[in-house]
Amino acid sequence: MKLIIGSKEDVSAQAAQRYVELLGKKPDAVLGLATGSTPLALYAELARLCAEGKVSFARAKSYNLDEYIGLDGSHDQSYRYFMDHNLFQHIDIKPENTHVPSGFVKDDEEAARYDAEIDAAGGIDLQLLGIGNNGHIGFNEPLTPFTSVTHIVKLTDSTREANKRFFSSLDEVPTHAVTMGIHTVMKARSIMLLAFGEGKAEIIKKTVQGRPDTAVPASLLQLHEDVTLYLDEAAASKLS
Ligand code: F6R
């Protein structure tokens, strides 16, 4: 794993340069994208670079990691809504080239078609990840099998509780989500994981210095040959 440590603004800008390089070489690259608070500075930087003509997503395709079951793109807590408002509307990507897993898949067989779609598009060139406090990547909670492809997950009580703040009540927080699996993520040619803040320090230590183990899904990234972690000083503070 390669580590890049600096201020959140600096490392987000360095992460943004990865898109400039990749899309410069391969304008029709396939991008794996994430939601959450972590990529917001990166997305703002990509919007700025695109407005200045330094990068173009006009031929790129994107595939997001996950979505809540039962929410459609008009719901302001859906991940489709998040992506439209925080990135897609601010860059030149074609709406029809953006993909977020459907929150209306009925079973894992239907969910797994997302992997087939990604494969048909040529596979993900650059996968962006955040990390949960328990090491989850996407909605792949601890003990998700290494071989998992896109599938439906039951959200843990703690995840629903953590996400309650975005909804008017706990009852409104979806009980399930659909997520790329660990195998889906590991197939990407290149992976970038961003983490900021002291709250991520302990899990970053386990991710980088622990033994790769499904108990900490992000630690499995050690088994991938091209992974870069972009960390602020606080998130890197427990690394020895
Ligand atoms: C988002 C996702 C999650 C988040 C993680 C960190 O699509 O799949 O794994 O990356 O929960 O969330 P934030 O960035 O809000 O700390």
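One can find the structure itself at the top, above this paragraph.
Residues numbered from 1 in each chain as written. Predicted model: local features only at pLDDT ≥ 70, side-chain atom pairs only at ≥ 80, totals over all residues. Heavy atoms only, no water.

Let's talk about the pattern of salt bridges
In step 1: Scanning all chains against the criterion turns up eleven salt bridges.
In step 2: Of the charged contacts in the structure, one is a salt bridge between Arg 48 and Glu 45, with a shortest N-O distance of 3.0 Å. Of this pair, Arg 48 and Glu 45 are both found in helix α2 (residues 40–51), three residues apart, which corresponds to roughly one turn of the helix.
In step 3: Taking the relative accessible area as the measure of exposure, Arg 48 reaches 39% and is therefore partly exposed.
In step 4: On the basis of relative accessibility, which here comes to 15%, the residue Glu 45 falls in the buried class.
In step 5: In this structure, the salt-bridge partner of Arg 80 is Asp 84, at a minimum N-O distance of 2.9 Å. With Arg 80 and Asp 84 both in helix α3 (residues 79–86), this residue pair falls four residues apart, about one helical turn. (Salt bridge = Lys/Arg side-chain N within 4 Å of Asp/Glu carboxyl O. Helix = DSSP H or I, 4+ residues; strand = E, 2+ residues; numbered from the N terminus. Buried < 20%, exposed > 50% of the residue type's maximum accessible area, 1.4 Å probe, protein only.)

A word on a nonpolar patch on the surface
In step 1: A cluster of nonpolar side chains, namely Met 1, Leu 3 and Ile 5, defines an oily patch on the protein surface of about 240 Å² accessible area.
In step 2: Among the structural elements, Leu 3 can be located in strand β1 (residues 2–6).
In step 3: Assessed through its relative accessible area of 37%, Leu 3 is described here as partly exposed. (Patch = residues over 30% accessible without salt bridge, like charges linked within 9 Å, V, L, I, M, F, W, Y side chains within 5 Å. Areas by Shrake-Rupley, 256 points an atom, 1.4 Å probe, with all protein chains shown as cover.)

Concerning the sheet that holds strand β7 (residues 151–154)
By way of backbone hydrogen bonds, the strands of a sheet pair with one another, either parallel or antiparallel.
In step 1: Ordered in space as β4-β8-β7, the three strands form an open sheet in which the pairing is antiparallel. Unpaired on one side and paired on the other, β4 (66–68) and β7 mark the two borders of the sheet. Shown here is a sheet whose adjacent strand axes are inclined to one another by a mean of 25°, direction ignored.
In step 2: Here β4 runs beside strand β8 (residues 176–179); their pairing, made up of three bridges, is antiparallel. Directly across from Asp 66, in β8, lies its bridge partner Thr 179. (Pairing = 2+ DSSP bridges. Axes fitted to C-alpha atoms, helices over the stretch in contact; angles between N-to-C directions.)

Here's the deal with the packing of aromatic side chains
In step 1: Scanning all chains against the criterion turns up five aromatic pairs.
In step 2: When the ring of Tyr 68 is compared with that of Tyr 79, the centres are 5.0 Å apart and the planes differ by 45°; the resulting orientation is tilted. Of this pair, Tyr 68 sits in strand β4 while Tyr 79 sits in helix α3; the two residues are eleven residues apart in sequence, bridging distant segments of the chain.
In step 3: For Tyr 79, a relative accessible area of 13% translates into the label buried.
In step 4: Between the aromatic rings of Tyr 68 and Phe 139, the centroid separation amounts to 6.0 Å while the plane-to-plane angle is 50°, which identifies the pairing as tilted. (Phe/Tyr/Trp six-rings, centres within 6.5 Å; stacked < 30°, edge-to-face > 60°.)

Points about the sheet that holds β1
In step 1: Taking strand neighbours across the sheet as the criterion, the seven strands line up as β1-β10-β9-β6-β2-β3-β5 in an open arrangement whose pairing is parallel. Because the sheet does not close on itself, it has two edges, and the strands there are β1 and β5 (98–99).
In step 2: Examined bridge by bridge, β1 and strand β10 (residues 227–232) share five bridges and lie parallel to one another. By the bridge assignment, Ile 4 is partnered in β10 with Tyr 230.

Observations regarding the nonpolar core
In step 1: The biggest cluster of nonpolar side chains holds 59 residues, and the ones touching the most others in it are Tyr 19, Phe 57, Leu 193 and Leu 221.
In step 2: Among the elements that make up this core, the one with the highest residue count is helix α1 (residues 8–25) (six residues).
In step 3: If sequence neighbours within four positions are ignored, Phe 57 has contacts with Tyr 19, Leu 23, Leu 31, Leu 46, Cys 50, Ile 91, Asp 92 and Ile 93.
In step 4: Counting nine residues, the second largest nonpolar core, distinct from the first, contains Leu 71, Leu 155, Phe 167 and Ala 177. (Core = buried A, V, L, I, M, F, W, Y, C linked by side-chain atoms within 4.5 Å. Contact = heavy atoms within 4.5 Å.)

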